[in-house]
Amino acid sequence: MCSCEWCTKRTGSAFGISVYFPEDQIAFLGEDWKTFRLTSDAGRWLETRFCGRCGTTVGWTLEFLPGHCGVAGGTFDNPKFWYTPQRYGFARSKPDWLEIPDGLHVFQAMPGSPNE
Ligand SMILES: [Zn+2]
């Protein structure tokens, strides 16, 4: 779970849910995929993959996480939400009314960054 600016804008919500897999275990089937690359405020690139028919962002790769692919946690077919959240990133940016569930490893910024 993450409340960074990119996740909140990407989802239009208070946080995004990213489920990460090794890149070689993910395949986006079909021909309607589009990509969009942007650069974060920290100067790192993020590339999203979205459906060219409905516009839903389904996956992404991140410069700082090579070899992995994120999948939007709400886009799985049934069973939905089969995973258990493990980490909450950018907790410093979450709204005050949002309570972080017990049991998550909480980072105030990017997990693994010097100011986490
Ligand atoms: Zn984020």
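Residues numbered from 1 in each chain as written. Predicted model: local features only at pLDDT ≥ 70, side-chain atom pairs only at ≥ 80, totals over all residues.

A. Structural context of the overall build of the protein. Within the protein, the regular secondary structure consists of 1 helix and 7 strands. For the protein, the α and β elements follow one another from N to C terminus as α-β-β-β-β-β-β-β. Taking 2.2 N^0.38 as the reference for a compact globule, 116 residues should give roughly 13 Å; the C-alpha atoms of the protein span a radius of gyration of 14 Å, in line with that estimate. Considering only C-alpha atoms, the protein reaches an extent of 40 × 35 × 25 Å along its principal axes. Relative to its 116 residues, the protein shows a buried fraction of 16%. Taking all contacts inside the protein whose residues are at least 6 apart in sequence as the whole, residues at least 24 apart take part in 32%. (Helix = DSSP H or I, 4+ residues; strand = E, 2+ residues; numbered from the N terminus. Rg over C-alpha atoms; globule rule 2.2 N^0.38 Å. Buried ≥ 20, exposed ≤ 12 C-beta atoms within 10 Å, placed from the backbone. Contact = placed C-beta atoms within 7 Å.)

B. Representation of the nonpolar core within the structure. Core analysis: the biggest nonpolar cluster contains 7 residues, these being Met1, Cys2, Cys4, Cys7, Phe15, Tyr88 and Phe90. Those residues within four positions of phenylalanine 90 in sequence are excluded, and the remaining contacts are Cys2, Ser3, Cys4 and Ala109. (Core = buried A, V, L, I, M, F, W, Y, C linked by C-beta atoms within 7 Å.)

C. Region of interest: the sheet that holds strand E4 (residues 57–62). With antiparallel pairing, the 5 strands of this open sheet are ordered in space as E1-E5-E4-E3-E2. Strand pairing shows two members of the sheet lacking a second neighbour, strand E1 (18–22) and strand E2 (33–39), which therefore form its edges. Each strand of the sheet is rotated relative to its neighbour by a mean of 25°, with strand direction disregarded. (Pairing = 2+ DSSP bridges. Axes fitted to C-alpha atoms, helices over the stretch in contact; angles between N-to-C directions.)

D. The arrangement of the pairing of E2 in detail. Sparse coverage of E2 is indicated by the burial of 0 of its 7 residues. In this structure, E2 lies alongside strand E3 (residues 45–51), joined through 7 bridges in antiparallel fashion. From the neighbouring strand, threonine 39 faces E3, where its bridge partner is tryptophan 45. The hairpin turn running from E2 into E3, its antiparallel successor, is 5 residues long, and glycine 43 in that turn takes a positive phi close to 85°.

E. Highlighting the domain arrangement of the protein. By the assigned domains, the protein splits into domain 1 (1–17 + 85–116) and domain 2 (19–75). One C-alpha centre belongs to domain 1, the other to domain 2; they are set 18 Å apart. (Domains from an automatic or database assignment.)

F. Quick peek at the pairing of E3. One ladder, built from 5 bridges, connects E3 with E4; its direction is antiparallel. When the bridges of E4 are listed, arginine 49 appears paired with glycine 59. Following E3, the chain reverses through 5 residues before pairing antiparallel with E4; glycine 55 in that reversal takes a positive phi of roughly 85°.

G. Region of the structure containing the environment of proline 95. Here proline 95 shows up in the loop between strand E6 (87–88) and strand E7 (105–106). Residues proline 95 and threonine 75, 20 residues apart in the sequence, show an inter-C-alpha distance of 24 Å.

H. Representation of the environment of threonine 56 within the structure. Note on placement: threonine 56 falls in the loop between E3 and E4. Residues threonine 56 and glutamate 5 lie 51 residues apart in sequence; the distance between their C-alpha atoms is 18 Å. Each residue touching threonine 56, except ones within four places of it in the same chain, is listed here: Phe50, Cys51 and Thr75.

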